[in-house]
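Given next are the chains, with one letter for each unit.
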Amino acid sequence: MKSIDQYARLVVRVGVNLRKGQTLVVSSPIECAEFARSVQKEAYEAGAREVVFRWSDEKSARVTYDMAPDEIFDESPEWLKVFLDGYSDGNAAFVSIAASDPELMKGVDPKRISRKNKANNVALEHYRSRLMSNRNAWCVASVPTEAWARKVFPGKPGPEAMEALWDAIAKTVRVDQNDPVAAWRAHQAALNARLAFLNGHAFKALRYRNAAGTDLTIALPAGHVWFGGGDDIVGAAEPYAFVANMPTEEVFTMPHRDGADGKIVSTMPLNYNGNLVEDFWFRLERGVVVDFGAGKGVEVLKEMLDTDEGARRLGEVALVPYESPISKMGILFYNTLFDENASCHFALGKAYPTCIAGGPEMSKEELLAAGVNDSLIHVDFMVGSKDLEIIGVMADGSEVPVFKHGNFAL
Ligand code: ZN
Ligand code: ZN
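1. A word on the packing of aromatic side chains
Working step 1: With the rule as written, the count across this model stands at 16 aromatic pairs.
Working step 2: Plain terms: the ring middles of Y208 and F346 are 5.0 Å apart, the flat faces sit at 45° to each other, and that makes the pair tilted. On the criterion of sequence distance, the pair formed by Y208 in strand 5 (residues 205-209) and F346 in strand 16 (residues 345-349) is long-range, its members being 138 residues apart.
Working step 3: Within the aromatic cluster, the residues linked to one another by ring pairs are Y208, F280, F282, F346 and F381.
Working step 4: The ring of Y240 has R19 lying over it, and the distance from NZ or CZ to the ring centre is 4.1 Å.

Below, the structure is given as structure tokens:
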């Protein structure tokens, strides 16, 4: 079996863990059609009722940003909402293939991009909140496109770069191993040990420090829960687990939306909607970004932070050892799916309501009162380094090392 088919099988069987009779919606760039078709076949073999496609083409998207009249960037087409709300309310599973050219939108007015995203995120709020509270199974996967592969391996000609990126991806999702499904089970067991440590201590705060300049304390809300690897579907007649990202190496929860003080310095570039932001930092007071800077792409960062009130607050804290398998490969992927699994990170914007006890059943007001951030954005950025130290503060004020020299202290 080719590894492309093994990855497709993993995404269907372990990723969305497709149920018999369930509909699968596949969002894919046209360049990844071969992989998308492989997912389709695996899905029917797993008993799918129907596999539905949502194709995209980033090159024509770029033409739209360059040439379309200004007013369309505040609109989201009605059909898209009908499509996604309909399938999510019908309990479909969703596979997204993320493989964009990291510099696709270089030179495009960042206001156009943020307006368009905002219009889509407002229109698709129902669908997004269903996925973010685990009412639908979803999985993000990636396969190489030529533009992306060239950016990751600039020294190699196109076909060689594609092959090198494909080999790297195969390794990160363990399809290079004899029994990838068994390899994922072993991986989940390792993540479970970290979850037991973090959930067992129920820290009220985490303190970060490294030589890059990060010096930050975040508060964790009462009732927060750490997750990693799989998630349990919420509200299904028969509960089952799914894995939302393939690869995944992180364990994560939410910071309290009012509880971050100090400076965070990013340690990897951020690919935000086809624009690169490099060498950036944030200063936070009582949870809010009050100052920021970047060596490159500062105006993109500003547009992102100005999306709404919650865009300046943290919605995710994730721990990944500096010596995680993806990190050890030493490849900068310029793709959040991989880079976030090579480094400790935070996200600005919306928090996953599942990360607090009872969260999926809480109203918007109750979530805010519990410290759960809300926003139209959720953007991960990396802060891990080989000298990162993290101290956990217990309810009684005692301190427990969580990270030493960039890795788990347990
Ligand atoms: Zn994350
Ligand atoms: Zn995230």
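2. Regarding the coordination of the zinc ion (ligand 1)
Working step 1: Coordination of the zinc ion (ligand 1) by the protein involves E250 (OE), E316 (OE), E340 (OE) and H345 (NE2), with metal-donor separations of 2.0 to 2.4 Å.
Working step 2: In this structure, the zinc ion (ligand 1) is coordinated by 4 donor atoms arranged in irregular fashion, with angles at the metal of 79 to 155°.
Working step 3: Taken in sequence order, the residues that donate to the zinc ion (ligand 1) follow the motif E-x65-E-x23-E-x4-H.
Working step 4: Between the two metal centres, the zinc ion (ligand 1) and the zinc ion (ligand 2), the spacing is 3.4 Å, with E316 acting as a shared donor. On the criterion of sequence distance, the pair formed by E316 in strand 15 (residues 314-319) and H345 in strand 16 is long-range, its members being 29 residues apart. With respect to class, E316 is no different from H345; both count as buried.

3. Focus on the environment of A123
Working step 1: Along the chain, A123 falls in helix 5 (residues 110-123).
Working step 2: Counting along the chain gives 249 residues from A123 to V372, while the straight-line C-alpha distance between them is 21 Å.
Working step 3: Residues in contact with A123, not counting those within four places in the same chain, are S76 and K81.

4. A word on the environment of T23
Working step 1: Its location among the elements puts T23 in strand 1 (residues 23-29).
Working step 2: For T23, a relative accessible area of 11% gives the class buried.
Working step 3: Between the C-alpha atoms of T23 and A43, which are 20 residues apart in sequence, the distance is 9.0 Å.
Working step 4: In this structure, T23 is in contact with L18, R49, E50, V52, Y87, A92 and A93, ignoring residues within four places of it in sequence.

5. Side note on the nonpolar core
Working step 1: If you look at the biggest cluster of nonpolar residues, it comprises 80 residues, and the most contacted ones within it are Y7, L24, F35 and M246.
Working step 2: Viewed by domain, this core spans two of them, domain 1 (4-172) and domain 2 (201-226 + 247-408), each represented by three or more residues.
Working step 3: When sequence neighbours within four positions are dropped, the list of residues in contact with F35 reads I4, Y7, A8, V11, I97, A141 and V143.

6. Considerations on the domain arrangement of the protein
Interfaces are often sized by the accessible area lost when the parts come together.
Working step 1: Segmenting the protein into domains produces domain 1 (4-172) and domain 2 (201-226 + 247-408).
Working step 2: Once you take the C-alpha centre of each, domain 1 and domain 2 turn out to be 24 Å apart.
Working step 3: On the side of domain 2, 32 residues touch domain 1, which itself brings 37 residues to the contact.
Working step 4: Roughly 2,700 Å² of surface becomes buried between domain 1 and domain 2 when both sides are summed, with 61% attributable to carbon and sulfur atoms.
Working step 5: When residues of domain 1 are sorted by the area they lose upon contact with domain 2, P102, M132 and T172 head the list and together hold 23% of the total.
Working step 6: Along the contact surface separating domain 1 from domain 2 lie 2 salt bridges.
Working step 7: Among the salt bridges present, the one from K111 reaches E303, with a minimum N-O distance of 3.5 Å.

7. A closer look at the coordination of the zinc ion (ligand 2)
Working step 1: With distances of 2.0 to 2.5 Å, the protein atoms coordinating the zinc ion (ligand 2) are E316 (OE), H378 (NE2), D380 (OD) and D380 (OD).
Working step 2: For the zinc ion (ligand 2), the 4 donor atoms in the first shell make angles of 54 to 139° at the metal, a pattern classed as irregular.
Working step 3: Sequence spacing among the residues donating to the zinc ion (ligand 2) works out to E-x61-H-x1-D.

8. What about the side chain of T145?
Working step 1: Along the chain, T145 falls in the loop between strand 4 (138-141) and helix 7 (146-152).
Working step 2: A residue is classified by how much of its surface remains accessible, and T145, at 1% relative accessible area, is buried.
Working step 3: From its side chain, T145 meets the backbone oxygen of A99 in a polar contact 3.3 Å long.
Working step 4: If sequence neighbours within four positions are ignored, T145 has contacts with E31, C32, A99 and M162.

9. Focus: the packing of helix 1 (residues 3-15) against helix 9 (residues 180-201)
Working step 1: Axis separation between helix 1 and helix 9 bottoms out at 10 Å; the angle between their running directions is 50°. With respect to each other, helix 1 and helix 9 are oriented oblique. Crossing handedness for the pair helix 1 and helix 9: right-handed. For the pair helix 1 and helix 9, contact is made by Q6, L10 and V14 and by P180, V181 and W184, respectively.

Reading the values: the criteria
- Residues numbered from 1 in each chain as written.
- Chains lettered and ligands numbered in written order.
- Predicted model: local features only at pLDDT ≥ 70, side-chain atom pairs only at ≥ 80, totals over all residues.
- Heavy atoms only, no water.
- Phe/Tyr/Trp six-rings, centres within 6.5 Å; stacked < 30°, edge-to-face > 60°.
- Helix = DSSP H or I, 4+ residues; strand = E, 2+ residues; numbered from the N terminus.
- Lys NZ or Arg CZ within 6 Å of the ring centre and 35° of its normal.
- Donors = N, O, S within 2.8 Å, 3.2 Å for Na, K, Ca; no water.
- Tetrahedral: all angles 85-135°; square planar, octahedral: opposite > 155°, others 65-115°.
- Buried < 20%, exposed > 50% of the residue type's maximum accessible area, 1.4 Å probe, protein only.
- Contact = heavy atoms within 4.5 Å.
- Core = buried A, V, L, I, M, F, W, Y, C linked by side-chain atoms within 4.5 Å.
- Domains from an automatic or database assignment.
- Buried area = accessible area lost by both parts, 1.4 Å probe.
- Salt bridge = Lys/Arg side-chain N within 4 Å of Asp/Glu carboxyl O.
- Polar contact = N/O pair within 3.5 Å; in protein donor to acceptor, adjacent residues only side chain to side chain.
- Axes fitted to C-alpha atoms, helices over the stretch in contact; angles between N-to-C directions.
- Parallel < 35°, antiparallel > 145°, perpendicular 65-115°, else oblique.
- Left-handed = near helix turned anticlockwise from the far one by under 90°.

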